[in-house]
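Architecture and fold: a report
Residues per chain, in single letters:
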Amino acid sequence: YVRGDRRNYDQWAKELGCTGWSYDEVLPFFLKSENYVSSVGELGFHGKGGPLQVTHMQDGNFKTKEVSERFVESCVAAGLPVNHDYNGASQ
């Protein structure tokens, strides 16, 4: 689950005139929709009680977990910085 990049939302609002679509304006709706069930994650960037179950990759038990972990390991091996919370403060 990826919300999208903050810069895209801000560009839509500032450059394309999409009033109400800046990242700061849409973040409360993402938080309201989430039921984040992990101890890993940045405060203020995850919600509780919403209809969308969201967990951190290390906590989840899902069919593609192994390939997801290998993909992340490959990115790190290629020199990309580690980001433990893609929906946190930075992407």
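Overview of the structure. (Residues numbered from 1 in each chain as written. Predicted model: local features only at pLDDT ≥ 70, side-chain atom pairs only at ≥ 80, totals over all residues. Heavy atoms only, no water.)

This part takes up the overall build of the protein. For the protein, the count of helices and strands is three helices and two strands. Order of helices (α) and strands (β) in the protein, N terminus to C terminus: α-α-β-β-α. The principal-axis extents of the C-alpha atoms in the protein amount to approximately 40 × 35 × 20 Å. The buried share of the protein, reckoned over its 91 residues, is 27%. Positive and negative charge centroids in the protein, built from 9 and 12 side chains respectively, lie 4 Å apart. (Helix = DSSP H or I, 4+ residues; strand = E, 2+ residues; numbered from the N terminus. Buried < 20%, exposed > 50% of the residue type's maximum accessible area, 1.4 Å probe, protein only. Lys, Arg positive; Asp, Glu negative; His and termini not counted. Charge placed at Lys NZ, Arg CZ, Asp CG, Glu CD.)

Below, the discussion takes up the packing of aromatic side chains. Within this structure, the stated rule accounts for four aromatic pairs. Here the aromatic rings of Tyr-9 and Phe-30 are separated by 6.0 Å at their centres, their planes lie at 75°, and the arrangement is edge-to-face. Taken together, the residues span a long stretch of sequence, with Tyr-9 in helix α1 (residues 6-15) and Phe-30 in helix α2 (residues 23-33) at a distance of 21 residues. Judged by relative accessible area, Tyr-9 falls into the buried class, the value being 7%. (Phe/Tyr/Trp six-rings, centres within 6.5 Å; stacked < 30°, edge-to-face > 60°.)

Close contact between α1 and α2 brings their axes to 9 Å; oriented N to C, the two are set at 120°. By the angle class used here, α1 and α2 are oblique. Taking contact as the criterion, the partners of Arg-6, Tyr-9 and Asp-10 in α1 are, on α2, Tyr-23, Asp-24, Val-26 and Phe-30. For the contact of α1 with α2, the residue count by class is four nonpolar, no polar and three charged. (Axes fitted to C-alpha atoms, helices over the stretch in contact; angles between N-to-C directions. Parallel < 35°, antiparallel > 145°, perpendicular 65-115°, else oblique. Contact = heavy atoms within 4.5 Å. Nonpolar A, V, L, I, M, F, W, Y, C, P; charged D, E, K, R; others polar.)

The subject of this paragraph is the layout of surface pockets. Volume-wise, the largest pocket comes out at about 930 Å³. Forming the boundary of the largest pocket are 25 residues, of which Met-57, Val-72, Asn-83, His-84 and Tyr-86 lie nearest the centre. Of all elements in the fold, only β2 (52-54) and α3 (65-77) reach the threshold of two or more residues within the lining of the largest pocket. With six residues, α3 is the largest single contributor of residues to the lining of the largest pocket. Of the residues in the lining of the largest pocket, the class split is 13 nonpolar, nine polar and three charged. (1 Å grid on protein atoms, 1.4 Å probe; cavity = no way out; pocket = protein on both sides within 12 Å on 5 of 7 lines; lining within 4 Å. Points joined across faces, edges and corners; volume = space filled by probe spheres on them.)

Turning our attention to the nonpolar core. Considering soluble globular proteins, one finds that nonpolar side chains tend to be buried as a cluster. In terms of nonpolar packing, the biggest core is built from six residues, these being Tyr-9, Tyr-23, Val-26, Leu-27, Phe-30 and Phe-45. Considering every element that reaches this core, the biggest residue donor is α2, with four residues. Excluding anything up to four places from it in sequence, Phe-45 contacts Arg-3, Arg-6, Tyr-23, Leu-27, Leu-31, Glu-34, Asn-87, Gly-88 and Ala-89. (Core = buried A, V, L, I, M, F, W, Y, C linked by side-chain atoms within 4.5 Å.)

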